[in-house]
Structures are given as structure tokens and as C-alpha cells.
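# Geometric and topological summary
In case you want the letters, here they are:
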Amino acid sequence: LVKVIINKKIVYLTSSQDDPLLKSENANISSFYIGCGTIRTLLFASLSAKIVVMTMPDLHYSYIKKSPNVKNYVYLHHSIVSTHMVYQEKAFDYFDTIFCVGEHHIKEIRTREKKIGLKRKRLIKFGYPRLDQLIKEADSYKFYDDVKKILIAPSWGKNGLLERSGGDFIRKLLDNDFEVILRPHPQTRKFRPALLEKIESKYLEYQNFEIDEDMKSNRSLLEAFIMISDYSGAALEFAFTFNKPIIFVDVPKKINNKNYEMLNITPLEVSIRKEIGTIIREDNLPDLVKILTNYQKKQFKNNIIQVRKNTVFNLGKSAF
């Protein structure tokens, strides 16, 4: 997005102390670290700007309130998933403009507006810059296509794959010479550090196991032959970047909006799982070695390409 509006003066606010834009030397970008506490809340409530672009949902519904001195609040999606199940119910109600990843976002937002009488937002058929960036990076990456290299990238929360299994299924993969990269969600480290520490201690002895928590790097995504996930948005990014399938472990849905069925729309992350991978029950986790050994990515490739085409706006054009 910064590349798109680079000729404008930008004030960039971040709650991350190691945000790379804090070190930007571009004369048009003024970057500030604002923390996560009361100062941030007060600052947002008193902002004065024509446009405020955010990647954080729950505007005004949560602790970040709208300022009367801002003309246009814009939301830029940081995931391909649907808007109405994994997000809070009012997550997008107070935005004026939303840059939509695909037609599913437009359908969901318009349906909610009609259902509860919200003012119509300006919906932009935008796409997903991170996907474009991943595809560009993949195009220049030298692949070895190691069929034994497995990436485990689950979501987080009480129904997440790691939280429910404790990572016990990983040992059998390692004992059968699969190379396993575990890429936990950052929120798992934040809220369940003891769980990750326990998993680390279990598999320290294995040379074919690693935990990748470098969210700035896409190395593990680029190197893996296949991904094991649950309802993580990372699964859609992986499938749509490399045209490689996902093994979805059928844990309970990640539901942060108990009223999501009000829209009568099946969330994208639920509806396309069978089209871009295979769904297995939790009690089939002990059979992962057999499932992986028999897995053929080629049978999914053309289907994934078609699903991606039908799902994402402006493929290859939203980031550059």
C-alpha cells in the first residue's frame, strides 16, 4: 500500500517496536511507535486526517474509537478468510471503505448491511497484496520439492490444532523421517507460551524438527511440500501461492461471532477446503504418515488455480 501512495505524505503509526517502516528513509513517510496502551487509544480518538488506513478490525467497537476529525476510515484486509465467522460480529461495521480480497467479502458485507440496516460502505475490488508478494518471491525461488518436508501452520485459540493435540502427532512424522517445520501463530506464543515450550522440549533431540517463528520470513512456506493446518488463513495463502494442497485437520470451527450464520453464507475458509486439499478427522492424526505417503499434489493443482482465480481480485496486480 505504501508503494501505491508513495507520492503522498504518510503518517505511519505502529504498535510494533521492530516495525521496519520505523527505519524508513523515505522523506514522505513519518513513522511513529505508539505502543498498545492508553496513549494509543487517546491518539486515535483525536486524530485529524482525510484518510486513515487500518489493518486492525473492530474500529469503534473495541478500544480504538473513531475520531470526528477523520473523513474516511479504510480497512485493508490482512487475510483471505471471510469477514463473519473468525472476526467479531461488528468488526467492520464502522469503516467507511473496505478494500476487499474477493467477491466473498463484498457479498458478506453487503448482506450484513441489509440485514441490520447499516449505511452502505464503499467496497473496492482490490485483491490481496501479500499473495502477490508471495507469488513473486516463489517465482524467483529455487525449489527442491522435497516430498518429506512438512509445514504445520495452525491457527490459535482453544480449538486450534496445537492447543487440542499438544503437538503429540508430530513424533510419528519425525520417526518416519519427515522433516517437520512448525510455524505457530504469533498469538500462540503470546497467550500459550508454555504449550510451545513443551512441544520444543519434546522434540529437541530430533534433527528433522524446527520451530519457525520469524513472521518476516517466508522461508518455511517456500520450502515445504505440503501444509497441515486447521482453519488458519495461512493455509489459503500457501495453497494459492504454490498450487499445493493442504491437509485440514477437522477441529471445531474458529468462531468469534456466534451470530455468523445470520448471513446464511458459508465462510470461504469452510467452503473451499475440499477443493484445495483434504479434510481428516482429529482421530485420524495417527495415520498422517500413511496419508502423506500416498498424497499426490498434482491432482489438486489445476483445481487450486481455478479456485484462486474465482476467489481473489486483481491477482498479481494489487501489490505492484
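Scroll up to find the structure this text is about.
Residues numbered from 1 in each chain as written. Predicted model: local features only at pLDDT ≥ 70, side-chain atom pairs only at ≥ 80, totals over all residues. Heavy atoms only, no water.

Let's shift gears to the overall build of the protein chain. In terms of helices and strands, the protein chain carries 13 helices and twelve strands. A compact globule built from 320 residues would reach a C-alpha radius of gyration of about 20 Å, and the protein chain, at 20 Å, matches this within 12%. Projected onto its principal axes, the C-alpha coordinates of the protein chain cover approximately 60 × 45 × 35 Å. With 320 residues in all, the protein chain has 48% of them scored as buried. (Helix = DSSP H or I, 4+ residues; strand = E, 2+ residues; numbered from the N terminus. Rg over C-alpha atoms; globule rule 2.2 N^0.38 Å. Buried < 20%, exposed > 50% of the residue type's maximum accessible area, 1.4 Å probe, protein only.)

Before going further, it helps to spend a moment on the sheet that holds strand 3 (residues 48–54). Strand order across the open sheet formed by four strands is 3-4-5-6, with parallel pairing between neighbours. The sheet terminates laterally at strand 3 and strand 6 (122–125), the two strands that pair on one side only. The average angle at which neighbouring strand axes cross in this sheet is 15°, direction not considered. The pairing of strand 4 (residues 69–76) with strand 5 (residues 97–100) spans three bridges and is parallel. Residue pairing in the sheet places Val74 in a bridge with Thr97 of strand 5. Lying on the sheet, helix 2 (residues 103–116) is in contact with strand 5 and strand 6; it crosses strand 6 at an angle near 165°. (Pairing = 2+ DSSP bridges. Axes fitted to C-alpha atoms, helices over the stretch in contact; angles between N-to-C directions. Contact = heavy atoms within 4.5 Å.)

Applying the stated criterion to the full structure yields 18 salt bridges. In this structure, Asp96 and Lys66 form a salt bridge, with 3.8 Å as the shortest nitrogen-oxygen distance. Here Asp96, found in the loop between strand 4 and strand 5, pairs with Lys66, found in the loop between strand 3 and strand 4; they are 30 residues apart in sequence, far enough to count as distant. Owing to a relative accessible area of 26%, Asp96 belongs among the partly exposed residues under this scheme. (Salt bridge = Lys/Arg side-chain N within 4 Å of Asp/Glu carboxyl O.)

Following the criterion strictly, the structure yields one cavity of 30 Å³ or more and no others. As a volume, the largest cavity reaches approximately 150 Å³. Lining the largest cavity we find 18 residues, and of these Thr83, Glu89, Phe92, Asp93 and Arg112 sit closest to its centre. Considered class by class, the residues forming the lining of the largest cavity number seven nonpolar, five polar and six charged. (1 Å grid on protein atoms, 1.4 Å probe; cavity = no way out; pocket = protein on both sides within 12 Å on 5 of 7 lines; lining within 4 Å. Points joined across faces, edges and corners; volume = space filled by probe spheres on them. Nonpolar A, V, L, I, M, F, W, Y, C, P; charged D, E, K, R; others polar.)

Along the chain, Asp19 turns up in the loop between strand 1 (10–14) and strand 2 (29–33). For the pair formed by Asp19 and Leu268, sequence separation is 249 residues and the distance between their alpha carbons is 30 Å. Residues contacting Asp19, with those up to four places away along its chain left out, are Tyr12 and Thr14. One polar contact links the side chain of Asp19 to the main-chain amide nitrogen of Leu21, over a distance of 2.9 Å. (Polar contact = N/O pair within 3.5 Å; in protein donor to acceptor, adjacent residues only side chain to side chain.)

To continue, consider the packing of aromatic side chains. Aromatic ring pairs are reported here in terms of the distance separating the ring centres and the angle at which the planes meet. Applying the stated criterion to the full structure yields eight aromatic pairs. Ring centres of Tyr87 and Phe92 lie 5.0 Å apart, and the angle between their planes is 70°; this geometry places the pair in the edge-to-face category. Taken together, the ring pairs in this structure connect Tyr75, Tyr87, Phe92 and Phe95 into an aromatic cluster. In this structure, Lys148 is placed above the aromatic ring of Phe178, and the distance from its NZ or CZ to the ring centre is 3.9 Å. (Phe/Tyr/Trp six-rings, centres within 6.5 Å; stacked < 30°, edge-to-face > 60°. Lys NZ or Arg CZ within 6 Å of the ring centre and 35° of its normal.)

Estimates place the volume of the second largest pocket at around 220 Å³. Forming the walls of the second largest pocket are 14 residues, and the residues nearest its centre are Trp156, Gly157, Lys158, Lys254 and Asn256. Here the residues of the lining of the second largest pocket are counted per class, giving five nonpolar, five polar and four charged.

Turning to the side chain of Asn218, a few remarks are in order. Relative to the helices and strands, Asn218 resides in the loop between strand 9 (209–211) and helix 8 (219–223). Within the structure, Asn218 has its side chain in polar contact with the side chain of Arg130 (distance 3.2 Å). If we skip the residues at most four places from it in the chain, Asn218 touches Arg130, Leu134, Glu137 and Arg183.

By the element assignment, Tyr12 lies in strand 1. By relative accessible area, which is 24% here, Tyr12 ends up partly exposed. Distance in space between the C-alpha atoms of Tyr12 and Phe32 is 6.2 Å, their sequence separation being 20 residues. Beyond its immediate sequence surroundings of up to four residues, Tyr12 is in contact with Asp19, Leu21, Ile29, Ser30, Ser31 and Phe32.

Let us look at the side chain of Arg273. Position of Arg273 among the secondary structure elements: in helix 11 (residues 273–276). Its relative accessible area of 5% is what places Arg273 among the buried residues. Polar side-chain contacts of Arg273 include one of 3.1 Å to the side chain of Tyr231. Among all residues touching Arg273, those that are not within four sequence positions of it are Asp230, Tyr231, Phe248, Val249, Asp250, Thr278 and Ile279.

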